[in-house]
Amino acid sequence: MEDTIKLEYIVSAEDFTRAGEASSDLKNILKQMGVSPDTVRKVSIAMYEGEINMVIHANGGVITVFVTPKEVTMILKDSGPGIPDIDKAMQAGYSTAPDNIRSLGFGAGMGLPNMKKYSDDMKIETELGVGTTVTMTVRIC
Amino acid sequence: MNTLNTKFFHSVYLDESLCKGCINCIKRCPTQAIRVRNGKARITSQFCIDCGECVRTCSHHAKKIHIDSLDMLNDYAYTVALPAPSMYAQFNNLDDVNILLTALIYLGFDDVFEVGAAAELVSEASRKYVDTHQEQWPFISTACPSVVRLIRVRFPNLIDHLLPILPPVEVAAQLARKRAMAKTGLPADKIGIIFISPCPSKVTYVKSPLGTDHSAVDGVLAVKDVYPLLLPHMKIAEQRPMDLAISGRIGIGWGCSGGEAGGMITDSYLAADGIENVIRVLEDLEDEKFARLQFIELNACSGGCVGGVLNVENPYVAKAKIKRLNKYLPVARTHSEDIPLKIELNWNKAVEYEPVFQIGETVLESINKMKQIDSLCNEFPGLDCGSCGAPSCRALAEDIVRGKAEKNDCVYILRNHIHLLSETYSRFSHEAIVDGEDPNACIHMLMNYMDKLTEEIALLDSHNLINTDSDTEEGKHYDD
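Everything numeric in this text was worked out from a predicted model, so none of it was measured.

### Notes on the overall build of chain B
On a plain count of helices and strands, chain B comes out with 17 helices and 12 strands. Considered along the principal axes of its C-alpha atoms, chain B spans approximately 100 × 50 × 40 Å. Counting across all 480 residues of chain B, residues that qualify as buried make up 46%. Once local pairs closer than 6 in sequence are excluded, the contacts in chain B between residues at least 24 apart make up 78%.

### Here we look at unusual backbone geometry
Backbone phi values are negative for most residues with the exception of glycine, while trans is the configuration of most peptide bonds. In this structure, the amide linkage connecting Trp137(B) to the following residue, Pro138(B), adopts the cis form with an omega of -5 degrees. Along the chain, Pro138(B) turns up in the loop between helix H5 (115-132) and strand E7 (139-140).

### With respect to the nonpolar core
Counting residues in hydrophobic clusters, the biggest one holds 161 residues, and the most contacted among them are Val80(B), Leu82(B) and Ala172(B). With 10 residues, helix H2 (residues 37-57) of chain A is the largest single contributor of residues to this core. Apart from residues no more than four positions distant in its own chain, Val80(B) is found in contact with Phe109(B), Asp110(B), Asp111(B), Val112(B), Phe113(B), Ala176(B), Ala180(B), Ile191(B), Ile193(B) and Ile194(B).

### So, the domain arrangement of chain B
Residues and elements named next belong to chain B. Under the domain assignment, chain B is made up of domain 1 (3-67) and domain 2 (70-338). Each side of the interface is counted separately: domain 1 has 16 residues, and domain 2 has 18 residues. Broken down by element, the side of domain 1 that touches domain 2 gets its largest block of residues, 3 residues, from helix H3 (residues 53-57). Per-class residue counts for the side of domain 1 that touches domain 2 are 8 nonpolar, 5 polar and 3 charged.

### Let's talk about the environment of Lys27(B)
All names here are of chain B. Within the secondary structure, lysine 27 sits in helix H2 (residues 24-28). Sequence separation of lysine 27 and histidine 419 is 392 residues, and the distance between their C-alpha atoms is 29 Å. Contact partners of lysine 27, with chain neighbours within four places excluded, come to Gly386 and Pro391.

### Observations regarding the packing of H2(A) against helix H5 (residues 111-118) of chain A
Residue and element names in this part refer to chain A. Their axes nearest at 8 Å, the elements H2 and H5 cross at an angle of 155 degrees. On the basis of their axis angle, the class for H2 and H5 is roughly antiparallel. Where H2 crosses over H5, the two elements pack in a sense that is left-handed. In this structure, H2 contributes Lys42, Ile45, Ala46, Glu49, Gly50, Ile52 and Asn53 to the contact, and H5 contributes Gly111, Asn114, Met115 and Tyr118. Of the residues belonging to the contact of H2 with H5, the class tally is 5 nonpolar, 4 polar and 2 charged.

### Digging into the interface of chain B and chain A
At the interface, 18 residues of chain B touch 18 residues of chain A. Of all the elements in the fold, those that place two or more residues in the side of chain B that touches chain A are helix H12 (275-286) and helix H14 (363-379) of chain B. Here the side of chain B that touches chain A gets 6 residues from one element, more than from any other, and that element is H14(B). Per-class residue counts for the side of chain B that touches chain A are 9 nonpolar, 4 polar and 5 charged.

The rules behind the values
The numbering scheme is per chain: residues are counted from 1 as the chain's sequence reads. Chains carry letters and ligands carry numbers; both start at the beginning, A for chains and 1 for ligands, and go up in the order they are written. A pLDDT threshold of at least 70 governs which residues receive local features in this predicted model, and a stricter bar of 80 or more applies before side-chain atom pairs are shown or counted, although totals over entire chains, interfaces and linings include all residues. A helix here means a DSSP run of H or I that spans at least four residues, while a strand means a run of E at least two residues long, and both kinds are numbered starting from the N terminus. Each residue is classed by its C-beta neighbour count within 10 Å, where at least 20 other C-beta atoms makes it buried, 12 or fewer makes it exposed, and intermediate counts make it partly exposed; the C-beta atoms are placed from backbone geometry. Each residue is represented by a C-beta atom placed from its backbone, and any two residues with such atoms within 7 Å are regarded as in contact. In these notes, a nonpolar core means any group of buried Ala, Val, Leu, Ile, Met, Phe, Trp, Tyr and Cys residues linked to one another through C-beta atoms within 7 Å. Domain limits in this description derive from either an automatic procedure or a database domain assignment. Throughout this entry, Asp, Glu, Lys and Arg are counted as charged residues, while Ala, Val, Leu, Ile, Met, Phe, Trp, Tyr, Cys and Pro are counted as nonpolar. The remaining residues, Gly among them, count as polar. Between the N-to-C directions of two axes lies an angle of 0 to 180 degrees, each axis being a line fitted to C-alpha atoms and, for a helix, fitted only over the stretch in contact. Any angle between 65 and 115 degrees counts as roughly perpendicular, while under 35 counts as roughly parallel, over 145 as roughly antiparallel, and the rest as oblique. Here a crossing is called left-handed whenever its near helix is offset anticlockwise from the far helix by less than a right angle, and right-handed whenever the offset is clockwise.

If you want it as structure tokens, here you go:
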């Protein structure tokens, strides 16, 4: 596609020192591209939440981002355990994060709810034992 | 001056005769504002935030600061010195601030007004403002002009969190002038209000303030310039210091990181210092990682204002000295109800986002330029060696796409070209003999190749890396 830029980020498992690198890089690229501050904010918050989820729950994974003049699409793909009950996972405050993760200040149960809140469209495909792919779209306005 | 120049006025400039064209400053600049071009460091005006990192890092002392001289005292009928709180920490065994303040009078000022005293009023006003505007929490301190300038160009989403209260030096200048006018009956323009600054950032603030149209400060001297002149006067002042000090612990505390936050009298704060740390905090703040805090204090210099490049003492030693000085002082000595003069504490001009790093006019144009940048980055070695004069391979790629550099600025790209040319030359010369063609045509073709090779090698000579020419181009700043 002519008018699309593709970015790819590898998210490594359980490495909190590097969590947020991908969303931070994407944020700076979008700012450089002149995407409106509000859109940049939504993308960066949604993507950071997703990135942290991949680190905590899914042994990392790959994030592919497509930017067109109309929208930013983030595809977060992991080969983690999968989500047994999506409705439950979408509830604010529901978390399956272990205590050691919570003690780091993560695992507040706001990951997926925030991803939904800050994106204009979110789709979850998950299969137990195979992995999860979350596709989020934020419109550029 | 045109608007752009005023908007991006800078106090930091380059002394070209001292610049060796090394890459120390380009590597340390937090906004990647410096490029070495034709063997000299150029500052891109719009990117520079006057933090002073390049002044600190240049081992050839080629980065200078536009600063006033003590001669300016002669330009006014009456002068008032505004010493910054961090200045108190520059002297050994100073137990009484009055010794320093008296020495300033002996040096030639008619009066002194402590910036620390004004800082106590700013703390008071900030507490009230933060309390009554909870919807904008967390507030970001605006006392460090480099931080405000950084947010203006890089963090558009945080502009609404800037605390719209004037910095202590501005409040001090207003009070000092009003007090001097009342005392002397002189008109405002006969009174010189002169700030003694720890950093270039404050010089920039005075010439081109953010948050207000015009600063009430008339001139700025550097602590390091005044320091040696003060020492003999302090010896004399020690005998019978005048009673001039009106700042308490909160005001003087502003000189160190955490001091301003201390004046907020809340536990719900964060204080970060050092420009790299400041950027990290702003990045996280932008992602709403700690929205529940009330107040964020940020200082571009390590240790806070004591770390300013115009100060002389090691910032951490200075911090210890401030602690000692503050030990027996009351919490605050200057309160708004004691001030009979009406002063302005709030910003009267909003700060607006300046998207200086934007790569294209539209998102579509940016996408295409981003693609070019990516493909250039893939060609570069990724060593970030700085030989091209840009701080990283990516920065060079951006410069090329912006039309400000060329691919051959990369020594590795250039070297590959030369290899390729010489290989082709060698191959052709062998083939020519084997084929037994017209010897004149062969020689002609080989000569052409030789010329190209010589041209490319000449380009290598003109490269920043080995350029020894002294470049006398006008203008210290490098603009579009």
